[in-house]
Amino acid sequence: MTWIPWNTQLRELAKQCQYLEALTLYRQMLRCGSSPNAFSFPFALKSSASLPLPLSGQQLHCQVIKSGCSQEPFVLTSLISMYCKFSSLGNARKVFDENPISNQLTVCYNALISGYALNSRVFDVIALFCIMREMGVSVNSVTMLGLVPVFSEPGYISVGMCFHCCCVKLGLNLDFSVANCLVTMYVKCGAIEFGRNLFDEMPKKGLITWNAMISGYAQNGLAADVLELYRRMETAGVCPDAVTFVGVLSSCANLGAVSVGHEVEQRIESSRLGLNPFLNNALINMYARCGNLVKARAIFDGMPVKSVVSWTAIIGGYGMHGYGEIAVELFDEMIKSGIRPDGAAFVSVLCACSHAGLTEKGLEYFSEMKMKHRLQPGPEHYSCVVDLLGRAGRLNEALELIKSMRVKPDGAVWGALLGACKIHRNVEMAELAFERVIEFEPTNIGYYVLLSNIYSEAENLEGVLKVRVMMRERKLKKDPGFSYVEYKGRVHLFLAGDRSHPQKKEIYRMVDELEALVKKLAGCKDNEERRNKEALLGMGVHSEKLAIVFGLLNSEPGTEIVVIKNLRMCEDCHLFFKGVSKIVTRQLVVRDATRFHHFRDGHCSCKDYCTKIDLILKLRNLLEACGVPVQLGGCKCNNMCSNAVWIPENETGSRERADDQPAID
């Protein structure tokens, strides 16, 4: 057998990431009487750092000193890098400072800068770079590649821009890798325009460049820009990879662009990436959020290995579609299969319980999260439970839960309470929640509109005017309601009262015809007065009605129609779609700001959870107006979606509960 030098074998093992084998070979070399040299130590030090084995690294350091190799630049940088990977920055800096040649070598500065950046030591990075410049040591692209990523947070954007200027001054911005690094820094900081400008100026764009910009758009919620850039990438002849597809699929999920998502799935299969778990998870999320839960479940069932992310995606999908019972079954199945749930999994199942009105089950999971799984709930979990209690009318319990939180409640927590106050018309608590929520999100227009609607339903004109004055003073404007439907690969967008569509005459004629049929079917009185009021308020016909009717006009009979809406659907439109689904005998799917509604044969998948609460509240107001005091009673299904009961108080003020008490449907 041909004899291979020890150093060559060490290099190959380290190169192939076989670090344990490399250290074993190094020990074997010592036993055989061979002495390590400056070419041996870098591979051994790298292997020790990668495992990581701090004690082994210290022993190697001793051997470096004994062998007299501590002055060798590559050995020196390997020692600094090793200690940085151990997060032993004090030892790394000691190696740097105690060696007289370190402050003259670019590679040594680069190793320590990368180590500080790896451990998020921002000010140490800046200070060391300044020393480097004062000493007259040359800066190269490796310096910037180690330094720039540490500024990839919004708070450091101004410092990052200074280093961008430094790159331009030194001519390093022309380096392809440095330019990619700068684009990534800008998009991670949320400075999308700066990132896009730099992207457009780059004469050469590789796959990494396109991925940086696509991922940046996706992470900042700019889904339409992701799809536009993906098309440009294809036109440029750049072949996408798994990173590209994940960004595009997440954007398809946000937009409901199922045709593009399906096209991407075909590209994934043709690229032989179908077994990639990250892509399968992204496909599950995309199909679930685009309304095709059957396809999402098929992908999930076909995965040979399911991670907690896979389970979370499918549980969240069922929860969003209103199938809380199935979501709960899947969550329990996940635990039985040995998968330990994480914080994201609990958010999904708690949201599912909230949407389906499974109050007690949700509270049980919240308790198990802390007691059984030893997970500390974050604000996102508390906001789910506040929403859960709030929807069930247990507002006081929700408020007490917020007061008992170990972590500081954020805007989402108080916003959940404010939304519950809207459902149950609790003006006093709504004012408290509003005061808190605008401390965190003073420019979130949705909360102002929510409080205004609460005042409006309570016929508190003074409160409505007060909110409008606040909005005017803060220069806030309500986001217009819009809905869109995809037809033949093209998205058709509709605003409330929109008359810009080429088919406007046919659309409005059919809206009027369907409204008349729905009124006749439901036995309702003429709602012309309501339509006139909407027109006076500038609302016109709501956007989701126009989108659904467009879909009915242009699709084949029996075809499912999926509409995406940016705001929550109102009660009137909900009633309208139930009637239309019975008239046209096909399924209508509407995804609003919080969930999916599947309308078929006059029914909705949400089981009229929120609208039945509204009906019960109206009945309570009617009974109280007649002098009959009432309280919210229990529900046979532990929620308020179907059998909520109003129980009159007896003369002593206590609640009487009878099994034969009539339920309100």
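Residues numbered from 1 in each chain as written. Predicted model: local features only at pLDDT ≥ 70, side-chain atom pairs only at ≥ 80, totals over all residues. Heavy atoms only, no water.

Trainee: What is the right way to read the overall build of the protein from this model?
Mentor: Within the protein, the regular secondary structure consists of 33 helices and eight strands. Counting the 665 residues in the protein, one finds 47% classified as buried. If you take every contact in the protein between residues at least 6 apart in sequence, the share linking residues at least 24 apart comes to 61%. For the protein, the computed accessible surface area is about 32,900 Å², with 55% contributed by carbon and sulfur atoms. (Helix = DSSP H or I, 4+ residues; strand = E, 2+ residues; numbered from the N terminus. Buried < 20%, exposed > 50% of the residue type's maximum accessible area, 1.4 Å probe, protein only. Contact = heavy atoms within 4.5 Å. Areas by Shrake-Rupley, 256 points an atom, 1.4 Å probe, with all protein chains shown as cover.)

Trainee: What am I meant to see in the pattern of salt bridges here?
Mentor: Side chains that differ in charge, positive against negative, can pair when their charged atoms come close. Counting across every chain of the model gives 22 salt bridges. Between Arg-196 and Glu-228 there is a salt bridge, with the nearest N and O atoms lying 3.7 Å from each other. In this pair, Arg-196 sits in helix α12 (residues 192-201) while Glu-228 sits in helix α14 (residues 223-235), placing the two residues 32 residues apart along the sequence. By relative accessible area, which is 13% here, Arg-196 ends up buried. A salt bridge links Arg-231 to Glu-234; the nearest nitrogen and oxygen atoms lie 3.3 Å apart. Highlighted residues: Arg-231 and Glu-234, both in helix α14, separated by three residues, approximately one helical turn. Members of the salt-bridge network, linked through shared partners, are Arg-196, Asp-200, Glu-228 and Arg-232. (Salt bridge = Lys/Arg side-chain N within 4 Å of Asp/Glu carboxyl O.)

Trainee: What am I meant to see in the UniProt feature "repeat: PPR" (unreviewed entry) in the protein here?
Mentor: Here, the residues flagged by UniProt with the feature "repeat: PPR" (unreviewed entry) are residues 105-139, 206-240 and 307-341. Within residues 206-240, the helical portion is 74% and the strand portion 0%, while the C-alpha atoms at the span's ends are 10 Å from each other. This span, residues 307-341, is 74% helix and 0% strand, and a straight line between its end C-alpha atoms measures 10 Å. (UniProt positions renumbered as here; feature names shortened; annotations may be inferred.)

Trainee: Quick question: what am I supposed to make of the packing of aromatic side chains here?
Mentor: Where two aromatic rings form a pair, the distance of their centres and the angle of their planes describe that pair. A complete count under the given rule lists 17 aromatic pairs for this structure. Between the aromatic rings of Phe-577 and Phe-599, the centroid separation amounts to 5.5 Å while the plane-to-plane angle is 45 degrees, which identifies the pairing as tilted. In this pair, Phe-577 is assigned in helix α32 (residues 571-584) and Phe-599 in strand β5 (residues 596-600), connecting sequence segments 22 residues apart. Phe-599 matches Phe-577 in its accessibility class, with the two residues each being buried. (Phe/Tyr/Trp six-rings, centres within 6.5 Å; stacked < 30°, edge-to-face > 60°.)

Trainee: Before we go on, may I ask you to explain the pairing of strand β4 (residues 588-591) in this structure?
Mentor: Each regular strand carries side chains that alternate between the two faces of the sheet. Residues of β4 alternate between two faces, with Leu-588 and Val-590 on one and Val-589 and Arg-591 on the opposite face, all of them buried. Relative to β4, strand β3 (residues 561-565) runs parallel, the two sharing four bridges. Across the sheet, Val-563 pairs through a bridge with Val-590, a residue of β4. Sheet analysis places β4 next to β5, joined by four bridges and oriented antiparallel. Looking across to β5, one finds that Val-590 is bridged to His-597. Taking the residues between adjacent antiparallel strands as the criterion, β4 and β5 are bridged by four residues. (Pairing = 2+ DSSP bridges.)

Trainee: Is there a simple way to think about the sheet that holds β5 in this case?
Mentor: Neighbouring strands of a sheet are bound in pairs by backbone hydrogen bonds; such pairs are parallel or else antiparallel. Spatially, β2-β1-β3-β4-β5-β6 is the arrangement adopted by the six strands of the open sheet, whose pairing is mixed. Two strands in the sheet have a free side with no partner beyond their single neighbour: β2 (490-495) and β6 (603-604). Here β5 pairs with β6 via two bridges, running antiparallel. Counterpart to Arg-600 in the pairing with β6 is His-603.

Trainee: I tried to follow the packing of helix α15 (residues 242-255) against helix α16 (residues 258-270) on my own but got confused; where do I start?
Mentor: For the pair α15 and α16, interaxial distance at closest approach is 9 Å and the crossing angle is 155 degrees. If you check the angle between α15 and α16, you find them roughly antiparallel. Of the two possible hands of crossing, α15 and α16 adopt the one that is left-handed. Across the interface between the two elements, Phe-245, Val-248, Leu-249 and Cys-252 of α15 pack against Val-260, Gly-261, Val-264, Arg-267 and Ile-268 of α16. Here the residues of the contact of α15 with α16 sort into seven nonpolar, one polar and one charged. (Axes fitted to C-alpha atoms, helices over the stretch in contact; angles between N-to-C directions. Parallel < 35°, antiparallel > 145°, perpendicular 65-115°, else oblique. Left-handed = near helix turned anticlockwise from the far one by under 90°. Nonpolar A, V, L, I, M, F, W, Y, C, P; charged D, E, K, R; others polar.)

Trainee: Where do I start with the environment of Glu-153 in this structure?
Mentor: Structurally, Glu-153 is set in the loop between α9 (141-147) and α10 (157-170). On the basis of relative accessibility, which here comes to 47%, the residue Glu-153 falls in the partly exposed class. When the C-alpha positions of Glu-153 and Tyr-186 are compared, they lie 8.7 Å apart, and in sequence the two are 33 residues distant.

Trainee: Any chance you could explain the nonpolar core here in plain terms?
Mentor: A general trend in soluble globular proteins is that nonpolar side chains are found buried together. One finds Ile-80, Met-144, Leu-417, Leu-418 and Phe-434 to be the most contacted residues of the largest nonpolar core, which totals 161 residues. Every residue in contact with Leu-417, bar those within four places of it in the chain, is listed here: Val-386, Leu-395, Ala-398, Leu-399, Ile-402, Met-429 and Ala-433. Counting residues in each nonpolar core, the second largest holds 27 residues, with Leu-546, Val-563, Cys-573 and Cys-606 among its members. (Core = buried A, V, L, I, M, F, W, Y, C linked by side-chain atoms within 4.5 Å.)

Trainee: Sorry if this is basic, but what is going on with unusual backbone geometry here?
Mentor: In most cases, non-glycine residues show a negative phi, while peptide bonds are predominantly trans. Here the amide bond leading from Leu-51 into Pro-52 is cis, since omega sits at -15 degrees, within 30 degrees of zero. Located in the positive-phi region is Cys-17, a residue other than glycine, with phi close to 60 degrees. Positionally, Cys-17 belongs in the loop between α1 (6-15) and α2 (19-31). Unusually for a residue other than glycine, Asp-601 sits at a positive phi of about 55 degrees. Summarising the element assignment, Asp-601 is placed in the loop between β5 and β6. Look at Asp-601 and you get partly exposed, because its relative accessible area is 45%.

Trainee: I'm lost on the environment of Asn-220 in this one. Help?
Mentor: Take Asn-220: it is sitting in the loop between α13 (207-219) and α14. Excluding anything up to four places from it in sequence, Asn-220 contacts Val-187, Gly-190 and Ile-192. A polar contact of 3.2 Å, which involves the side chain of Asn-220, links it to the backbone oxygen of Val-187. A polar atom in the side chain of Asn-220 sits 2.7 Å from the backbone oxygen of Gly-216. (Polar contact = N/O pair within 3.5 Å; in protein donor to acceptor, adjacent residues only side chain to side chain.)

Trainee: Quick question: what am I supposed to make of the pairing of β3 here?
Mentor: Judged by how many residues are buried, β3 sits mostly within the fold: four of five residues are covered. Handedness of the crossover joining β3 and β4 through α32: right-handed. (Right-handed = clockwise from strand over helix to strand, strands pointing away.)

Trainee: What is the right way to read helix α7 (residues 106-118) from this model?
Mentor: At 3.6 residues per turn, the α-helix brings residues three or four places apart onto the same side. The end-to-end C-alpha separation of α7 is 18 Å, in line with the 18 Å expected for 13 residues at 1.5 Å each. Burial runs high along α7: 10 of the 13 residues are buried. What α7 keeps buried is the set Thr-106, Cys-108, Tyr-109, Asn-110, Ala-111, Leu-112, Ile-113, Gly-115, Tyr-116 and Ala-117. (Expected span 1.5 Å × (residues − 1).)

Trainee: What's the story with the side chain of Ser-483 in this structure? I'm lost.
Mentor: Examined against the element boundaries, Ser-483 turns out to sit in strand β1 (residues 482-487). Among the polar contacts made by the side chain of Ser-483, one reaches the main-chain amide nitrogen of Glu-544 at a distance of 3.2 Å. For Ser-483, the residues in contact, after removing those within four places along its chain, are His-492, Leu-493, Phe-494, Ser-543, Glu-544, Ala-547, Val-563, Ile-564 and Lys-565.

Trainee: Just to check I follow, could you spell out the environment of Asp-200 for this structure?
Mentor: Tracing the backbone through its elements, the reader meets Asp-200 in helix α12. For Asp-200, a relative accessible area of 40% gives the class partly exposed. The residues touching Asp-200, leaving out its near neighbours within four places in the chain, are Lys-205 and Arg-232.

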